[in-house]
Amino acid sequence: AAAATKEFEEIQALMTEVLDKETEASHKYRQLSDQRAAAAQRELDHRQQFLEEQRKLNMLEVMALEHKKMQELEQKKKEATETAEAAKRNLAEQKRREKEALEATRKALDDARQMGKSDKRNSVGGAKESPAKRQAL
C-alpha cells in the first residue's frame, strides 16, 4: 500500500505539475490572444485615422483647387475690367478727337462764311443789293 500511496502521490504531483503548466499555458495563450486583439484594434484604429486624414487631405486638395479656380476667375475678371476700361477710355478719346475735328471744321466753315460775307460786302453793289441782284452778278 505504501508503494501505491507513493505512486499515487507521484502521479498526483505529476498531475499538479501538468495542470500548473496547462494553467500557465492557458494564461500565456490568453495573454497572447489579448495582445493580438489589442494589436488588431490598434490597426483598425490606425486605419480609421488614416482614412480620416486622407479624407481631410482630399478636402484640402479640393479647397486648394477651388481657391486656384477662384483666383483665375478673379484674374480674368480683373483683365476683363481693365480691357473694358481701356475700351471706354479709347472711345472717350475718339469722341473727343471727333468733337475737336468737328469744332475745327465748324470754325473753318464759319471762317469761310465770314470771308465770303466780307467778300460780298466789298463787291460792287455792297450789302444794299437785293439777293436777286447779287445772283445776277
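Residues numbered from 1 in each chain as written. Predicted model: local features only at pLDDT ≥ 70, side-chain atom pairs only at ≥ 80, totals over all residues. Heavy atoms only, no water.

1. Topic: the overall build of the protein
Argument step 1. Regarding its fold elements, the protein presents two helices and zero strands.
Argument step 2. Looking at the protein as shown, the accessible area adds up to about 13,000 Å², and 57% of this sits on carbon and sulfur atoms. (Helix = DSSP H or I, 4+ residues; strand = E, 2+ residues; numbered from the N terminus. Areas by Shrake-Rupley, 256 points an atom, 1.4 Å probe, with all protein chains shown as cover.)

2. Quick word on the pattern of salt bridges
Opposite charge on two side chains makes pairing possible when the charged atoms of those side chains draw close.
Argument step 1. All told, the structure shown has nine salt bridges when counted by the stated rule.
Argument step 2. Here R47 and E43 are joined by a salt bridge, their closest N and O atoms 2.7 Å apart. With a gap of four residues between them, R47 and E43 both fall in helix α1 (residues 2-121), about one helical turn apart.
Argument step 3. On the basis of relative accessible area, R47 is assigned to the exposed category, the value being 51%.
Argument step 4. Linked by salt bridges that have partners in common, E93, R96, R97 and E100 make up one network. (Salt bridge = Lys/Arg side-chain N within 4 Å of Asp/Glu carboxyl O. Buried < 20%, exposed > 50% of the residue type's maximum accessible area, 1.4 Å probe, protein only.)

3. Observations concerning a nonpolar patch on the surface
Argument step 1. There is a patch of nonpolar side chains on the surface, built from M59, L60 and M63 and spanning about 310 Å² of accessible area.
Argument step 2. Considering the arrangement of structural elements, one finds M63 in helix α1. (Patch = residues over 30% accessible without salt bridge, like charges linked within 9 Å, V, L, I, M, F, W, Y side chains within 5 Å.)

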